[in-house]
Amino acid sequence: MPADILKNENVAVIKAEKSDYAKDAPYHPAHMFPEYMFGKEEIASSDNYVYDSVREAFVRLNLDSVNLSTKNWNPLKDIIKPGDFVVLKPNFVIDRHEKDGELFSIITHPSVIRAVCDYVMIALHGDGEILIADAPNANADFDNLIKQTHLQDLIDFYQEKTSVRISFVDLRQLVLNDYTDSSTRNIKDRDPKGYSIVDMTEHSELKGLANIERIYGADHDRREIREHHNAGKHEYCVANSILYADVIINIPKIKTHRKAGVTLSMKNLVGINGNKNFLPHFRIGTPEDGGDEYRELSSNQKKTLYTKRFLKDKLLTKNSHLADSVYAMFGKFYGIIKKCKLVESTDDVINTGNWSGNETIWRMIIDLNRILIYADETGQIKNCPQRKYLSVLDGIWAGENEGPLIPTKKEFGYIIAGFNPLLTDLVTVKMMGFDYRKIPLLAVASNEVGIGLCLSEKNGDSIKISSNLEELKDYKTIDMSSHKFRAAEGWKDVLN
């Protein structure tokens, strides 16, 4: 049985020498470190600040300290053994920045994956399997993701140089290129190991949530989400590659999030679920109507938006070209009458649960973290951790403002690593200049009992930070207010 990862309170915070990524795949280090398992011909001619920072994070976590600075240094040996199946879980949510911004303010940079992967290879000692896996948004182009990240170059390098099996996989069941065009719907099992329906009914944070019938998933057709989340059950469709893993290494991107406030280690686990229609994102309507989709609406805005919701429920759930066309005609008609100022505009309304009053999404995120830690390979929830875990957060370039999909690039310059997903997030969110107590995901998780996430002191005072910057070594005194992230619009009244 894996050692209890939740009891490790160490977090490494490394400021990179420069806030930049290596340019050329497969992202070799620039230095011949003693433990480096490849030859001098596999050393980059230009700097690789990411590799140096990931390595320094492992040093600062005091891993295999007796062998440090020798060829035998194996920092991950306590969590990875030869023969293990290791899953690296980056943030590969989308393949493009929809506002023509920087893609790597959204997704994990592959140079971080390379640095982590080298030390996984050392620990496996030539025997085992590595899978790089994520379930992106339903409308993401996975082939373009691979192209943009040059991930195939990395895979090819390891396949040529090592005997460890390594591959990447799209964990999605549902691909839907256009949410208003049912002909783009494609459902198939992309995880070669299949999927398991994990019943969280007794352990779900959604249990007892009011107005659960208003739940909304990732698709206009709410029948599927309501089948799996209702007053009697709460189920998730988890990729078996995750459940079968001996070790999960979570490699998130540091950024803000419209629905959850931030997306760090805990939020990144949304990508272990294969079918997005098992993921509750919000409840339709305003709080006064039992929902958390909107903060508030005028009576005229409510008429417009509730009419749109009615038509989506009646038309976009039909999976027919005719129904899609009728809805498109309504959209054009609405555009005309709005231009003529015959209806009140809803263009500036914060919608789809993109605000601090969303009481649904953080519950789903906590559920998925419980699954990752406590579900065995059959999907049964146990009382102790079932696999080993490590977080390595990519904050060299981070995302602020309207994350997770259209953030503004922020040259943050940090790699943060630790063995407890909650504690790494508590440290990171403080470095972002935010108060974790104002982010329900972190505030609630910090007070969990029973099958929870934090066995440390509730306020994080016992977190042990090791950093290459003296001013960041004490959690209680971290002050990054001069570098504070700009929150998403629906969170500014709470976080900024």
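This text follows the structure it describes.
Definitions and limits used
- Residues numbered from 1 in each chain as written.
- Predicted model: local features only at pLDDT ≥ 70, side-chain atom pairs only at ≥ 80, totals over all residues.
- Heavy atoms only, no water.
- Helix = DSSP H or I, 4+ residues; strand = E, 2+ residues; numbered from the N terminus.
- Buried < 20%, exposed > 50% of the residue type's maximum accessible area, 1.4 Å probe, protein only.
- Contact = heavy atoms within 4.5 Å.
- Polar contact = N/O pair within 3.5 Å; in protein donor to acceptor, adjacent residues only side chain to side chain.
- Axes fitted to C-alpha atoms, helices over the stretch in contact; angles between N-to-C directions.
- Parallel < 35°, antiparallel > 145°, perpendicular 65-115°, else oblique.
- Left-handed = near helix turned anticlockwise from the far one by under 90°.
- Nonpolar A, V, L, I, M, F, W, Y, C, P; charged D, E, K, R; others polar.
- Core = buried A, V, L, I, M, F, W, Y, C linked by side-chain atoms within 4.5 Å.
- Pairing = 2+ DSSP bridges.
- Salt bridge = Lys/Arg side-chain N within 4 Å of Asp/Glu carboxyl O.
- Expected span 1.5 Å × (residues − 1).
- Phe/Tyr/Trp six-rings, centres within 6.5 Å; stacked < 30°, edge-to-face > 60°.

Caption draft 1: How the structure looks around the overall build of the protein. When helices and strands are tallied, the protein shows twelve helices and 17 strands. A principal-axis box enclosing the C-alpha atoms of the protein has dimensions of 75 × 45 × 45 Å. Taking all 496 residues of the protein together, the buried fraction comes to 61%. Once local pairs closer than 6 in sequence are excluded, the contacts in the protein between residues at least 24 apart make up 73%.

Caption draft 2: Looking closely at the side chain of D64. When you line up the elements, D64 lands in the loop between α1 (49-60) and β2 (85-90). A polar contact of 2.8 Å, which involves the side chain of D64, links it to the backbone nitrogen of N74.

Caption draft 3: Geometry of the packing of α1 against helix α2 (residues 110-124). Contact pair α1 / α2: the axes reach a minimum separation of 9 Å and the direction vectors enclose 45°. Our classification of the angle between α1 and α2 gives oblique. For the element pair α1 and α2, the recorded crossing hand is right-handed. Together, V50, Y51, V54, R55 and F58 of α1 and S111, V112, A115, V116, D118 and Y119 of α2 make up the contact between the two elements. Here the contact of α1 with α2 is built from residues that sort into eight nonpolar, one polar and two charged.

Caption draft 4: View of the side chain of S204. Tracing the backbone through its elements, the reader meets S204 in the loop between β7 (195-199) and β8 (215-216). Here the side chain of S204 touches L206 through a polar contact of 3.0 Å, landing on its backbone nitrogen. In this structure S204 touches H234, D367 and R370, once residues within four positions along its chain are discounted.

Caption draft 5: Representation of the nonpolar core in the model. Within the largest apolar cluster, 78 residues are counted, with the highest numbers of intra-cluster contacts made by I371 and M431. Contact partners of I371, with chain neighbours within four places excluded, come to V198, M200, Y236, V238, L243, I272, I381 and R387.

Caption draft 6: Looking closely at the pairing of strand β10 (residues 233-239). Of all the seven residues making up β10, six are buried; the element is thus mostly covered by neighbouring parts of the structure. Pairing geometry for β7 and β10, over five bridges, is antiparallel. Note on β10: the bridge partner recorded for D199 is E235. The hairpin turn running from strand β9 (residues 229-230) into β10, its antiparallel successor, is two residues long.

Caption draft 7: Representation of the pattern of salt bridges within the structure. Applying the stated criterion to the full structure yields 30 salt bridges. For the salt bridge of R486 with E400, the shortest nitrogen-to-oxygen distance reads 2.7 Å. Here R486, found in the loop between β17 (464-467) and α12 (492-495), pairs with E400, found in strand β15 (residues 388-400); they are 86 residues apart in sequence, far enough to count as distant. Take E400: its relative accessible area is 5%, and that puts it in the buried class. Within this structure, E205, D367 and R370 form a network of salt bridges that share partners.

Caption draft 8: Structural view of α2. Look at α2: 20 Å from first C-alpha to last across 15 residues, which is about the 21 Å you get at 1.5 Å a residue. One or two steps after α2, the chain reaches H125, where phi turns positive at roughly 55°.

Caption draft 9: Representation of the pairing of strand β11 (residues 247-251). Most of β11 is tucked away, with five of its five residues classed as buried. Side chains V247, I249 and I251 project from β11 onto one buried face, and the interleaved I248 and N250 project onto a second face that is buried too. Here five bridges tie β2 to β11, and the two strands are oriented parallel to one another. By the bridge assignment for β11, P90 is matched with I251. Of the pairings in the sheet, the one linking β11 to β15 comprises four bridges and is parallel in character.

Caption draft 10: Up close: the sheet that holds β10. Spatial ordering of the open sheet is given by β7-β10-β9, a layout of three strands whose pairing is antiparallel. Every interior strand has two partners, whereas the edge strands, β7 and β9, have only one. Along the sheet, helix α9 (residues 361-374) contacts β7 and β10; its crossing angle with β10, the most-contacted strand, is approximately 55°.

Caption draft 11: Representation of the packing of aromatic side chains in the model. What the rule picks out here adds up to 13 aromatic pairs. Pairing Y36 with F38 gives two aromatic rings, centres 5.5 Å apart and planes at 75°, and the pair type is edge-to-face. Taken individually, Y36 and F38 each receive the classification buried, so the pair is uniform in this respect. With a centroid separation of 6.3 Å and an interplanar angle of 50°, the aromatic rings of F38 and Y158 are classed as tilted.

Caption draft 12: Here's a closer look at the environment of T70. Of note, T70 is situated in the loop between α1 and β2. Ignoring any residue separated from it by four or fewer positions in sequence, one finds T70 in contact with P34 and E35. Within polar-contact distance, the side chain of T70 engages the backbone oxygen of N67 at 2.6 Å.

Caption draft 13: Representation of unusual backbone geometry. Look at the link from A25 to P26: it is a cis peptide, with omega at 5°. Relative to the helices and strands, P26 is located in the loop between β1 (10-15) and α1. Of note, the bond from G403 into P404 is cis; its omega dihedral lies within 30 degrees of zero at 15°. Here P404 is to be found in the loop between β15 and β16 (408-418). One non-glycine residue, S69, adopts positive backbone phi at about 70°. Here S69 shows up in the loop between α1 and β2. Overall, S69 belongs to the exposed group, its relative accessible area being 53%.

Everything listed here is a matter of geometry and, on its own, says nothing about what the molecule does.
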